[in-house]
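Chain by chain, the residues run as shown.
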Amino acid sequence: MFDSGNTREMTEDCLTASPQDTRDARMSIPKAPLDANKEYSTMVFSSPSHSLRLKYMSLGVLVLQTTSLVLTMRYSRTLQEDGPRYLASSAVVSAEVLKILACILLVFRETNFSVQAMNQLLKEEIVKKPAETMKLAIPAGIYTLQNNLLYVALSNLDAATYQVTYQLKILTTALFTVSMLGKRLGFYQWLALLFLMAGVTLVQWPTNTGEDSEQKDLSAGSQFVGLMAVLMACVSSGFAGVYFEKILKESKQSVWLRNIQLGVFGFMFGLAGMIVYDGQRVRESGMFQGYNTITYTVVVLQALGGLVVAVVIKYADNILKGFATSVSIITSAVISYFLLEDFNPTGLFFLGSLLVITATFLYGYDRKPVSISAIKV
């Protein structure tokens, strides 16, 4: 695909080049036939708008997926029904199975829909390279823990508070990036992290309400459990994300192949966790107890989340991803207030949310032009 970002960078390089460099560059470019030049000219003028459409479509899908997942997960964990509630561990296992199937289909597409070529690729890259495959066991186990923690968090926190607090994963990811990958953060990124911590602190600041003491203690205890679950999920998300990035940079395998490996280990860890913690309930009522339309929707949205992020990384930039996050936070707050009726916004919440949204934009801000290699996936 033609990339307007690359075109802009190459244009800037030409503008800053010396006359000698320009002459050398002209001499090094092979002359193409007239039809090829015409085709290239058409591509130049038609591709930017096409790329722009893909960029905003992918961001729209990300906003929809993120907001829908949070709200449906929250609704599914607070919905009062006659039967038993579905098991969070079962939902995590089901999502991993769907994720593996989706990645297999994408690998099948990459091999030109050849079953033999796909099987050969999976055998060569996964079965015959056990050492490389085993590297994915660590992030898979952490991601499985994180996914279970998110269910705990949304069982005890409203969707809006969860959305804002979960942005602390930016902080943990930044810290692990500095310590594990040796990257350096710029001034705007450090400033963004300060805004982020201040914003989350304001969102979690206790407020005086008219509730009786018993109800107030129960609410505070539930919120504390949810907060601890979110904080643990942020730490696990930051570490696993940076660890996975390091593995990807050290190998030549595609993202989808790595996600298949990740999903297989995630399925194994998730299944083991379900047997250990919910084995008795599974034996009594089955693995899919309490499943309904909302539950299946949560499973599908969670399974597709990683794939959506991969598409956004390919077509969008950090600032637009920050915009998507901000829209998702605002949308979750509005729907939580008007539809779920489990959220009462305060002045501190609005101020904290504003700081978090500002931090998201600041962290993605970069005055330097994006290099060609940086936007490849």
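Each residue is numbered by its place in its chain's sequence as written, counting from 1. Reporting in this predicted model follows two pLDDT cut-offs: at least 70 for local features of residues, and 80 or more for side-chain atom pairs to be given and counted; totals over whole chains, interfaces and linings ignore these cut-offs and use all residues. Each side-chain value is worked out from all heavy atoms of the structure, with water and hydrogens disregarded.

**Focus on the packing of aromatic side chains**
Pairing of aromatic rings covers Phe, Tyr and Trp, the last counted by its six-membered ring, and requires centre-to-centre distances within 6.5 Å; plane angles under 30 degrees mean stacked, over 60 mean edge-to-face, and any other angle means tilted. Overall, the coordinates contain 11 aromatic pairs when judged by the stated rule. Between F176 and F239, the aromatic rings sit 5.4 Å apart at their centres with planes inclined by 75°, giving edge-to-face as the arrangement. With a gap of 63 residues between them, F176 in helix α9 (residues 169-181) and F239 in helix α11 (residues 213-249) connect regions that are remote in the sequence. Throughout, exposure labels follow a simple rule: accessible area from a 1.4 Å probe, protein chains only, divided by the maximum for the residue type, with under 20% read as buried, over 50% as exposed, and the rest as partly exposed. Accessibility expressed as a relative area gives 24% for F239, which makes it partly exposed. Relative to F338, the ring of Y337 lies with its centre 4.9 Å away and its plane at 85°, an arrangement referred to as edge-to-face. Members of the aromatic cluster, connected to one another through ring pairs, are Y86, Y151, F288, Y291 and Y296. Helix and strand labels come from DSSP, where a helix needs a run of H or I of at least four residues and a strand needs a run of E of at least two; each type is numbered from the N terminus.

**Re the pattern of salt bridges**
The salt bridge definition used is simple: a Lys or Arg side-chain nitrogen within 4 Å of an Asp or Glu carboxyl oxygen. For the coordinates displayed, the defined rule picks out six salt bridges. Residue E124 pairs with K128 through a salt bridge whose shortest N-O separation is 3.2 Å. Ionic pairing is found between K135 and E132, a salt bridge with its closest N-O pair at 3.2 Å. Salt bridges sharing partners connect three or more residues here, namely E132, K135 and R258.

**Considering the packing of helix α7 (residues 137-156) against helix α12 (residues 255-285)**
In a pair of packed helices, the angle between the axes and the distance between the axes together describe the arrangement. Working convention: axes come from line fits to C-alpha atoms, limited for helices to the stretch in contact. Angles between N-to-C directions cover 0 to 180 degrees. Where α7 contacts α12, the two axes come as close as 8 Å, and the packing angle between them is 50°. The orientation of α7 with respect to α12, classified from their angle, is oblique. In the packing of α7 onto α12, the handedness of the crossing is right-handed. Contacts between α7 and α12 involve A137, P139, A140, G141, Y143 and T144 on the former and, on the latter, L262, F265, G266, F269 and G270. When the residues that make up the contact of α7 with α12 are grouped by side-chain class, the tally is seven nonpolar, four polar and no charged. With respect to orientation, any angle under 35 degrees is reported as roughly parallel, any angle over 145 as roughly antiparallel, any angle of 65 to 115 as roughly perpendicular, and every other angle as oblique. By the definition used in this description, the sense in which the near helix is turned from the far one sets the handedness, with an anticlockwise turn below a right angle giving left-handed and a clockwise turn giving right-handed. Residues are treated as being in contact if the distance between any of their heavy atoms lies within 4.5 Å. Residues were grouped as follows: Ala, Val, Leu, Ile, Met, Phe, Trp, Tyr, Cys and Pro as nonpolar; Asp, Glu, Lys and Arg as charged; and all remaining residues, including Gly, as polar.

**Some remarks on the side chain of S237**
Here S237 shows up in helix α11. Residues contacting S237, with those up to four places away along its chain left out, are Q146, Y166 and K169.

**Some details on helix α15 (residues 347-364)**
Over its 18 residues, α15 extends 26 Å from the first C-alpha to the last, a length consistent with the 26 Å expected when each residue adds 1.5 Å. The set of residues buried in α15 consists of F349, G352, S353, V356, I357, A359, T360, L362 and G364. The span one expects for a helix is its residue count, reduced by one, times 1.5 Å.

**Some thoughts on α12**
The terminal C-alpha atoms of α12, which comprises 31 residues, lie only 37 Å apart, well short of the 45 Å expected from a rise of 1.5 Å per residue. The largest bend along α12 measures about 90° and falls at D278. Looking one or two places after α12, you find G286, whose phi comes out positive at around 90°. Fitting axes to the seven residues ending at a residue and to the seven starting there, one defines the bend at that residue as the angle between these axes.

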